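# Architecture and fold: a report
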Amino acid sequence: MSLAVPDEVGSALGTVVPSVEAAPETQSTGWRHRHLLDLDVVTWPEIELVMRTTDAMREVLGRPIPRVPALRGKSVTLLFYEASTRTRVSFEVAAKNLSADVVNIAVASSSVSKGESLVDTVRTVEALGADMLVMRHAVSGAPYLAARTFAGSVLNGGDGWHAHPTQALLDLYTMREHLPGGSVAGRKVVILGDILHSRVARSNIWALTAAGAELWLCGPATLLRGFEAWAAAGGAAGRRFTVTSSIDDALRDADVVMALRIQRERMAGGLLPSLREYTARFGLTRERLELAKSGALVMHPGPLNEGVEIAPDVASGPNSVITEQVTNGVAVRMAMLYLLAGAQAGGVASEESLR
Amino acid sequence: MSSFGQPRLIMTADEIRRAVVRISHEIVEKQAGTEGLVLIGIQRRGVPLARRLAGAIAEHEGVEIPVGALDITFYRDDLSLIAQQPVVKGTALPFDLNGRTIVLADDVLYTGRTIRAAMDALVDFGRPQAIRLAVLVDRGHRELPIRADHVGKNVPTSREELVRVHLVEIDEEDGVDIERLEPATVGVAG
C-alpha cells in the first residue's frame, strides 16, 4: 500500500496512511466495517453485498416517491474541505432519500490548518449529534485521522491522491450493469490518463482487481510514477495489474475504457510538456476507441475536460455511460450509508434476520 | 436443558396446502369476486405464499390475480435493535395500487411490526382501496393494533419459542415447526 502513496503525501501525516481497522472475518456475508475509508480492507463478498444493496436502492430510486425511512433519526454531516459538486450533492441526495437529517459544512481548505484543527472540527461535529460523517479532504489520510476521533462512521468522499471508495464502487456497479453476464471478471478494463494524482484510480485498483478484471493503467510515464513499482511488487494484495505508456497496447480489445481528468492545477513542475501534447498522445478519440472491442464502455469520473482527455463525440457517444455513473452514484451511496448504519447497530447481515 | 433445541412439527405439508386453499376461498368470498384484487407477498416467505394463493384462486375462479413482492427492510423501525443487519431482497410491484384491494401475505404474524412496515411501504406506492392480511401462522404477542383477516393456523406460543415456516420454493420442503430457544439466544426480531 505504501508504494501507492507518494512520499510527499505520506509526510503530510508524518507516516503512511494508518490502518484504522483490521481486515474483517472473511466467512461472513455481512458488512462489518464501521467506516468506509478505502477498499483495500474490503473483501469481495462485502463488495458483492454492496452491489446487491445498490440494486435495491436503484429500485427505490425508480419509485413514484423515491424515499424510504431506513435512516430516519440518523444525522449525516457532510464535511467537504475541497471543492466538489457531484460527490457532495450525490451524498446529500442519497442521505435524504433514506430520510436522514443532513448537515452541510463547507470549509475552505485555506482556512484550516492540518492536524489538530481537523480533530477539533470532528469533535464539534460529533458533539452536534452527527452519526455519520462524509468527508473530503485535500490531504491523503485525513479521513483516517477523523475516524480515530469520531464515534460514528466516517465515509471517505475523496482524500488527496489516496482514495475515493464510493466512486470505485459506482464504477464497478456501472460496468457490471452493462457487461454481458453482469461481471467484470476476465474483462479488460483500462484506466487512462493522470494515474499519479488520481484517488479514483487507486480505489479502482482495489475494486477491479478484487472483481477479477484484467486491469491496465495507461498514461505518460511521469503520471505513472510509482505504479510500475507497485505492480512489480505484486500488485494489490497480490492481485496483478498492468502498467504501460503505450495507449495502443492498452486500448487493444479493451472492454471498458475509463478516462481520468487531467487536473490542470497539478500539472506544474514539468509533468506534461503541454495539454496539447497530452491530447495528441493520450486523448481518448473516436479513432483510438476503434482499437477497443466494439461496444466497449466509455467512462469518466467527472468533471470532464472535453477536448483534453476525452473528445466530445466520445464523451457523448453511444458507448458512453458517463451520466449513468452519476445516477448510480446516488444508489451506491445510499447502499453504503445503509450498510454502515447497520454495522453501527452492531450487526452483520443474515439471511434469516427478516422474520 | 435437553428440552431446548427440539423442533416440534405443528403443520404438515398437507395442512399447509389445505390452509392455502381455504384462505384463497376466503379472499374471494370477502371480495365477492376477484375484481380489483392483487396479492403482495412480504419478502421472503410471503412471496411464495402469495404465488400459491394466486395459483389456488386461478384454479377455482379461472382468474389470474397479479402478484407482487414487497421488501420492508427499509421500513423497519428496529435497525438499531436487531442484532443482525437485514439483507435486502427486493421489491417488485409491477402494477398500479391505486383503488385496488391488496391482500398482504406473510408466513408468521408475531409482533405486527413487519405488517406496520409493509403498510408504510405500500402507501408510498399509491392509495389502495383496502389492505387485508393473510398469514399462514398467527403466533400472538402483538405489539401493535394489527390483526389478520385470514389465518392458516392460530398457534399459542411463548416469546421464548421460535416458529419456523419451511416452504419448498425456499427450503426444499413444506412444514411449520416450533422450537424452544435457550433464553440467551432470544432475539427481538420478529
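Worth saying up front: this structure is predicted, and the values here are computed from it rather than measured.

## With respect to the overall build of chain B
Scanning chain B from terminus to terminus reveals four helices and nine strands. What you see in chain B, going N to C, is helices and strands ordered as β-α-β-α-β-β-β-α-β-β-β-α-β. In chain B, of all internal contacts separated by at least 6 residues, the share reaching a separation of at least 24 is 69%.

## A word on the overall build of chain A
Looking only at helices and strands, chain A features 13 helices and 10 strands. Buried residues in chain A amount to 50% of all 355 residues. Here the analysis covers contacts within chain A between residues at least 6 apart in sequence; of these, 76% occur between residues at least 24 apart.

## Side note on helix α1 (residues 13-31) of chain B
Residues and elements named next belong to chain B. Compared with the 27 Å implied by 1.5 Å per residue over 19 residues, the 27 Å span of α1 between its first and last C-alpha is a close match. Where α1 is buried, its residues contact β1 (8-11), α2 (46-61), β5 (101-109), β6 (130-138) and β7 (150-154). The positive-phi residue at the C-terminal boundary of α1 is A32, with phi of around 55 degrees.

## A look at the packing of helix α3 (residues 86-97) of chain A against helix α13 (residues 322-344) of chain A
Residues and elements named next belong to chain A. Between α3 and α13, the shortest axis-to-axis distance is 8 Å and the interhelical angle comes to 55 degrees. Regarding the angle of α3 to α13, the classification is oblique. The handedness of the crossing between α3 and α13 comes out as right-handed. Here R86, S90, F91, V93, A94, A95 and N97 of α3 lie close against α13, whose contacting residues are V326, G329, V330, R333, M334 and L337. Here the contact of α3 with α13 is composed, by residue class, of eight nonpolar, three polar and two charged.

## Notes on the packing of helix α6 (residues 165-178) of chain A against helix α7 (residues 199-210) of chain A
Residue and element names in this part refer to chain A. Between α6 and α7, the least distance of the axes is 8 Å, while the angle of their chain directions is 55 degrees. With respect to each other, α6 and α7 are oriented oblique. Note that α6 runs across α7; the crossing there is right-handed. The segment α6 lies against α7, with P165, Q167, A168, L169, D171 and L172 engaging V200, S203, N204, W206, A207 and L208. Considering only residue class, the contact of α6 with α7 consists of eight nonpolar, three polar and one charged.

## A look at the sheet that holds β1 of chain B
All names here are of chain B. Pairing within the open sheet is antiparallel, and its three strands lie in the order β1-β9-β8. Taken across any chain shown, the strands that pair with only one partner, and hence form the sheet edges, are β1 and β8 (161-166). Averaged over all neighbouring strand pairs, the angle between strand axes comes to 30 degrees, with direction disregarded. The pairing of β8 with strand β9 (residues 175-180) spans six bridges and is antiparallel. Each residue of the ladder has a partner; that of E161, found in β9, is R180.

## What about the domain arrangement of chain A?
Residue and element names in this part refer to chain A. Parsing chain A into structural domains produces domain 1 (2-164 + 327-342) and domain 2 (166-321). Taken together, the contact between domain 1 and domain 2 spans 24 residues of the former and 22 residues of the latter. Every element with two or more residues in the side of domain 1 that touches domain 2 is listed here: α2 (44-61), β4 (153-159) and α13. For the side of domain 1 that touches domain 2, the class distribution of residues is 12 nonpolar, seven polar and five charged.

## A closer look at the sheet that holds strand β9 (residues 297-299) of chain A
Each strand in a sheet pairs with another by means of backbone hydrogen bonds, the pair being arranged parallel or else antiparallel. Residue and element names in this part refer to chain A. Strand order in the open sheet formed by five strands is β7-β6-β5-β8-β9, and the pairing between neighbours is parallel. At either margin of the open sheet sits one strand with a lone partner, and together these are β7 (242-244) and β9. Recorded for the sheet is a direction-independent mean angle of 20 degrees between the axes of neighbouring strands. Examined bridge by bridge, strand β5 (residues 188-192) and strand β6 (residues 214-218) share five bridges and lie parallel to one another. Residue V190 lies in a different strand from β6, and its bridge partner there is W216.

## Concerning the nonpolar core
Counting 160 residues, the largest nonpolar core has L133, V190, L192, L217, V257 and L337 of chain A together with L53 of chain B as its most contacted members. Residues in contact with L192 of chain A, not counting those within four places in the same chain, are C218, G219, A250, V257, M258, A259, L260, F282 and L284 of chain A.

## So, the environment of L133 of chain B
Residues and elements named next belong to chain B. Its place among the elements puts L133 in strand β6. Between the C-alpha atom of L133 and that of G99, which follows or precedes it by 34 residues, the distance is 17 Å. Beyond its immediate sequence surroundings of up to four residues, L133 is in contact with L104, I115, A148 and D149.

Thresholds, definitions, all that
Residues numbered from 1 in each chain as written. Chains lettered and ligands numbered in written order. Predicted model: local features only at pLDDT ≥ 70, side-chain atom pairs only at ≥ 80, totals over all residues. Helix = DSSP H or I, 4+ residues; strand = E, 2+ residues; numbered from the N terminus. Contact = placed C-beta atoms within 7 Å. Buried ≥ 20, exposed ≤ 12 C-beta atoms within 10 Å, placed from the backbone. Expected span 1.5 Å × (residues − 1). Axes fitted to C-alpha atoms, helices over the stretch in contact; angles between N-to-C directions. Parallel < 35°, antiparallel > 145°, perpendicular 65-115°, else oblique. Left-handed = near helix turned anticlockwise from the far one by under 90°. Nonpolar A, V, L, I, M, F, W, Y, C, P; charged D, E, K, R; others polar. Pairing = 2+ DSSP bridges. Domains from an automatic or database assignment. Core = buried A, V, L, I, M, F, W, Y, C linked by C-beta atoms within 7 Å.

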